[in-house]
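Examining the three-dimensional arrangement
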Amino acid sequence: MLSANIQAGSSTRRYSDYATRSWSHVLPVGKRVSLDAIAELVGQHDIVGLQEADPGSWRSGFTNQTHYLAERAGFDYWTHQPNRRVGNVASSANGLLSRLEPVEVSDHPLPGRLSGRGVLLGHFGAGREGLTVAVAHLSLGAQSRRMQLDFIAELLQDFPNAVLMGDFNCVADCPEMGNLFRKTRLQPPECAVHTFPSWKPQRAIDHILVSDNLRCEGLRAVPAAYSDHLALSLNLDVPEAALQR
């Protein structure tokens, strides 16, 4: 599995780039090269969760980046959840790529002081015992994150085989994460893997959280082209029964 905040294919290699390369967040220049590099990375995985994938606006050359990556990396199944839009200039979405056919896909807007955040769910296998994969991008503010994590906990509490991945904008042991771990079978990561900023990782704010009855190993951070976040890669052992339709 892979979780990646791809920054819409933009390039950020130092803090000063947020100012000096601000044009890259509104113009399509150079993004195809970054997307091709990201496609090579996602192609090594079976299920991929994307954050900050542009669903088709001026800055992406009106390219649905989730769809582009699915085709480029050979995924038969993909879906996306557009969230934030700034006119026709820029837009952002969560995305899910899979080599397995999902039984059901659903998306939900997340609560918060400002709109524009969401969680995307893919269900694999039959019933509540099937594998449930959720992709989310949470808010910067702790109060909004608490509401969002409480909402996600309600969605996932009845699913024993669940994975929640994305850009949480917080570390795993922050107070607002507590209710998520209490209400679901998701477990805190065994170790903190720093993902931000990508050029000098100092904060573990991207996560792949897994239910206690799913075995996983090999959690590591890998570059997602020149995004300001490193991606997270994980080997997940899913019981065959959780994938039976």
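Quick note: structure is the one above.
This section reports on the structure supplied with the text. Since we're looking at a predicted model, the values are computed, not measured.

Now for helix H2 (residues 31-42). Along its 12 residues, H2 runs 16 Å from first to last C-alpha, staying within 8% of the 16 Å computed at 1.5 Å per residue. For H2, the complete set of buried residues consists of Lys31, Ser34, Leu35, Ile38, Ala39, Leu41 and Val42. Along the axis of H2, the buried positions cluster into a sector of 155°, meaning they face one direction only. Residues Val33 and Glu40 are exposed on H2 and point more than 90 degrees away from its buried face. Looking at the packing, one finds that the buried side of H2 touches strand E1 (2-5), strand E2 (47-53), helix H3 (65-73), strand E4 (90-98), strand E11 (215-223) and strand E12 (230-237).

On to the layout of surface pockets, then. By volume, the largest pocket is sized at about 450 Å³. When residues of the lining of the largest pocket are traced back to their parent elements, those giving at least two are strand E3 (77-86) and E4. The calculated volume of the second largest pocket comes to roughly 290 Å³. Every residue lining the second largest pocket is counted, 16 residues in all, and those nearest its centre are Pro188, Pro189, Glu190, Cys216 and Leu234. Those elements giving two or more residues to the lining of the second largest pocket turn out to be strand E10 (206-211) and E11. Its residues assigned to classes, the lining of the second largest pocket shows 10 nonpolar, 3 polar and 3 charged.

The next thing to look at is the pattern of salt bridges. The full count for this structure, using the stated rule, is 7 salt bridges. In this structure, Glu129 and Arg128 form a salt bridge, with 3.2 Å as the shortest nitrogen-oxygen distance. Accessibility expressed as a relative area gives 45% for Arg128, which makes it partly exposed. One salt bridge connects Arg145 with Glu176, and the closest N-O pair in it is separated by 2.6 Å. Of this pair, Arg145 sits in helix H4 (residues 142-156) while Glu176 sits in the loop between strand E8 (162-167) and helix H5 (178-183); the two residues are 31 residues apart in sequence, bridging distant segments of the chain. Comparing Arg145 with Glu176, the two get one shared label, buried.

On to empty space enclosed by the protein. Enumeration according to the criterion identifies 1 cavity of 30 Å³ or more in this entry. Of the volumes computed, that of the largest cavity is approximately 40 Å³. Around the largest cavity, the lining residues are Asn83, Arg84, Ser92, Ala93, Asn94, Gly116, Arg117, Gly118 and His137. Listed by contribution, the elements that provide at least two residues to the lining of the largest cavity are E3 and E4. For the lining of the largest cavity, a count of residues per class yields 1 nonpolar, 6 polar and 2 charged.

Definitions and limits used
Residues numbered from 1 in each chain as written. Predicted model: local features only at pLDDT ≥ 70, side-chain atom pairs only at ≥ 80, totals over all residues. Heavy atoms only, no water. Helix = DSSP H or I, 4+ residues; strand = E, 2+ residues; numbered from the N terminus. Expected span 1.5 Å × (residues − 1). Buried < 20%, exposed > 50% of the residue type's maximum accessible area, 1.4 Å probe, protein only. Arc of directions from axis to C-beta. Contact = heavy atoms within 4.5 Å. 1 Å grid on protein atoms, 1.4 Å probe; cavity = no way out; pocket = protein on both sides within 12 Å on 5 of 7 lines; lining within 4 Å. Points joined across faces, edges and corners; volume = space filled by probe spheres on them. Nonpolar A, V, L, I, M, F, W, Y, C, P; charged D, E, K, R; others polar. Salt bridge = Lys/Arg side-chain N within 4 Å of Asp/Glu carboxyl O.

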